[in-house]
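# Examining the three-dimensional arrangement
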Amino acid sequence: MLKLLPKFLLLFLIVGCASSKKVKFDDYVFQTKKEKNSYITSYNKALKLWDVPYTEEDIKTSFGTVHVIMAGSKNEKPLVLLHGMDASSTMWYPNIKALAKNHRVYAIDFMMEPGKSTLSAKPLSPEEIITLYNEIFNHYKLKNFDIVAASRGGWIATLLATQRKNSIDKIVLLSPAQTFKFIDKVGKTSSALMLKLFPSEKKFGKTLETFSTHPEKISPVYKRQFYLANKYAKSNSSMLKMHPFSDDELKMIDNPVLVIIGDQDVINAEDSLERAQKYLSHNKTKTIKDAGHFLSIDQSKIVNDAMIDFLK
């Protein structure tokens, strides 16, 4: 499988470079204003799936405008949510009620992906990603806060935790991508790449079947938003900067960390958990039965219970 990885990444980079030449207006993610507006309309519809009161806010950073969705009592412990690639903060709709019960939630749209955040600088380096999120945390005066992060968001959360000076308490990683190892089943994940190259409803359905054991559980409203994210958003080479963390980097993390994967996950397998157990000083790991990479939707009740129990 690993032999396929260089070809996969090279093709991904080529797609990103080719897509960047088609830019019709000044936006890092979208190619036209019409496509962006269509996506945002779909985003707003999906956000209504959140079954808790929430507020939205845009804050200015050194790299552009960051969109944050807040829920839960201001008197509760802060909890930052970092979504998966192209999923946006609306992805938390099956989990937000459980997470907001005892936390003040801050769901952040990553500015290099489809969402309501807007990047005004060049693509961010890992060091700049750290600076960006520290600016957000400082803006809200977040101290001793927890993080729940999925897929690419899990890589970002791990990156933040490797910094000696951070205010993070507990961390939940939901099948973090490129964090403990490279993609487990590269061949199967190629469906996502083909969707980027030649977007269609059929390829989108196949991709969902690859990443989810229960695509029928995904709300049609959210499916529409997720499809438009894949159809309209430009590919980029940022995934090439997501390398698994070294042994020494993982040893630097002294936060309590819970790593959860699905038993049919195409991104992680048991060896990811073994590496987490070996190098993270305070860790718990869990494998969810009958769940894929989209485990927070596939088995939302089980995942919610595991997260809440850990974050107590």
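Reading the values: rules and limits
- Residues numbered from 1 in each chain as written.
- Predicted model: local features only at pLDDT ≥ 70, side-chain atom pairs only at ≥ 80, totals over all residues.
- Heavy atoms only, no water.
- Core = buried A, V, L, I, M, F, W, Y, C linked by side-chain atoms within 4.5 Å.
- Buried < 20%, exposed > 50% of the residue type's maximum accessible area, 1.4 Å probe, protein only.
- Contact = heavy atoms within 4.5 Å.
- Helix = DSSP H or I, 4+ residues; strand = E, 2+ residues; numbered from the N terminus.
- Polar contact = N/O pair within 3.5 Å; in protein donor to acceptor, adjacent residues only side chain to side chain.
- Expected span 1.5 Å × (residues − 1).
- Phe/Tyr/Trp six-rings, centres within 6.5 Å; stacked < 30°, edge-to-face > 60°.
- Lys NZ or Arg CZ within 6 Å of the ring centre and 35° of its normal.
- Patch = residues over 30% accessible without salt bridge, like charges linked within 9 Å, V, L, I, M, F, W, Y side chains within 5 Å.
- Areas by Shrake-Rupley, 256 points an atom, 1.4 Å probe, with all protein chains shown as cover.
- Salt bridge = Lys/Arg side-chain N within 4 Å of Asp/Glu carboxyl O.
- Lys, Arg positive; Asp, Glu negative; His and termini not counted.
- Charge placed at Lys NZ, Arg CZ, Asp CG, Glu CD.

### Brief notes about the nonpolar core
Soluble globular proteins tend to bury their nonpolar side chains together. Within the largest apolar cluster, 102 residues are counted, with the highest numbers of intra-cluster contacts made by Trp50, Tyr133, Val148 and Leu174. Residues in contact with Val148, not counting those within four places in the same chain, are Leu79, Val80, Leu81, Leu82, Trp92, Leu99, Val172, Leu174, Met307 and Leu311.

### Points about the side chain of Glu113
Tracing the sequence through the fold places Glu113 in the loop between strand S4 (103-108) and strand S5 (118-119). Overall, Glu113 belongs to the buried group, its relative accessible area being 2%. For Glu113, the side chain forms a polar contact with the side chain of Arg152, separated by 2.3 Å. Setting aside chain neighbours within four positions, we find Glu113 in contact with Val29, His83, Gly84, Met85, Asp86, Ala87 and Arg152.

### Structural notes on the environment of Ile69
The residue Ile69 is located in strand S2 (residues 64-71) in this model. Separated by 159 residues in sequence, Ile69 and Leu228 place their C-alpha atoms 20 Å apart. Apart from residues no more than four positions distant in its own chain, Ile69 is found in contact with Tyr43, Leu47, Trp50, Tyr54, Thr55, Glu56, Ser89, Val105, Tyr106 and Ala107.

### Overview of helix H4 (residues 126-139)
The end-to-end C-alpha distance of H4 is 20 Å, a good match for the 20 Å that 14 residues give at a rise of 1.5 Å each. As for H4, its buried residues are in contact with strand S1 (54-61), S2, strand S3 (77-82), S4, strand S6 (145-150) and helix H5 (152-161). Positive phi appears at Lys141, one or two residues downstream of H4, with a value of about 55 degrees.

### Considering the packing of aromatic side chains
This model, assessed by the stated rule, comprises 14 aromatic pairs. Measuring from centroid to centroid gives 5.2 Å for Phe30 and Tyr39, while their planes differ by 40 degrees, and the two rings are tilted. Each member of the pair, Phe30 as well as Tyr39, carries the same accessibility label: buried. Here the aromatic rings of Phe204 and Phe226 are separated by 6.0 Å at their centres, their planes lie at 70 degrees, and the arrangement is edge-to-face. Here the residue Phe204 occupies a position in helix H7 (residues 201-211), and Phe226 occupies one in helix H8 (residues 220-232), the gap between them amounting to 22 residues. Judged on exposure class, the residue Phe204 and its partner Phe226 are both buried. Taken together, the aromatic side chains of Tyr93, Phe204, Phe211, Tyr222, Phe226, Tyr227 and Phe294 make up a single cluster linked through ring pairs. When the ring centre of Tyr106 is taken as reference, the NZ or CZ atom of Arg104 above it lies at 5.9 Å.

### So, a negative patch on the surface
On the surface, Asp263, Glu270, Glu274 and Asp290 cluster together into a patch of negative charge. Within the secondary structure layout, Asp263 lies in the loop between strand S8 (257-262) and helix H10 (270-279).

### Looking at the side chain of Glu128
Relative to the assigned elements, Glu128 resides in helix H4. Among residues more than four places away in sequence, those in contact with Glu128 are Phe63, Lys122 and Pro123.

### Considerations on the environment of Leu173
Position of Leu173 relative to the elements: it lies in strand S7 (residues 168-174). The spatial distance from the C-alpha of Leu173 to the C-alpha of His214 is 20 Å, given a sequence separation of 41 residues. Dropping the residues within four chain positions of it, Leu173 is found in contact with Ala149, Gly154, Ala157, Thr158, Phe180, Val257, Leu258, Val259 and Ile260.

### Observations regarding the pattern of salt bridges
Tallying each qualifying case throughout the model produces 10 salt bridges. For Glu56, the salt bridge identified is with Lys116, shortest N-O distance 2.9 Å. Of this pair, Glu56 sits in strand S1 while Lys116 sits in the loop between S4 and S5, and the two are 60 residues apart along the sequence. A residue is classified by how much of its surface remains accessible, and Glu56, at 35% relative accessible area, is partly exposed. Its salt-bridge partner being Asp305, residue Lys301 comes within 2.7 Å of it at the nearest N-O pair. Here Lys301 pairs with Asp305, and both are found in helix H12 (residues 300-311), just four residues apart, close to one helical turn.

Spatial relationships are all this shows, so hold off on functional conclusions.
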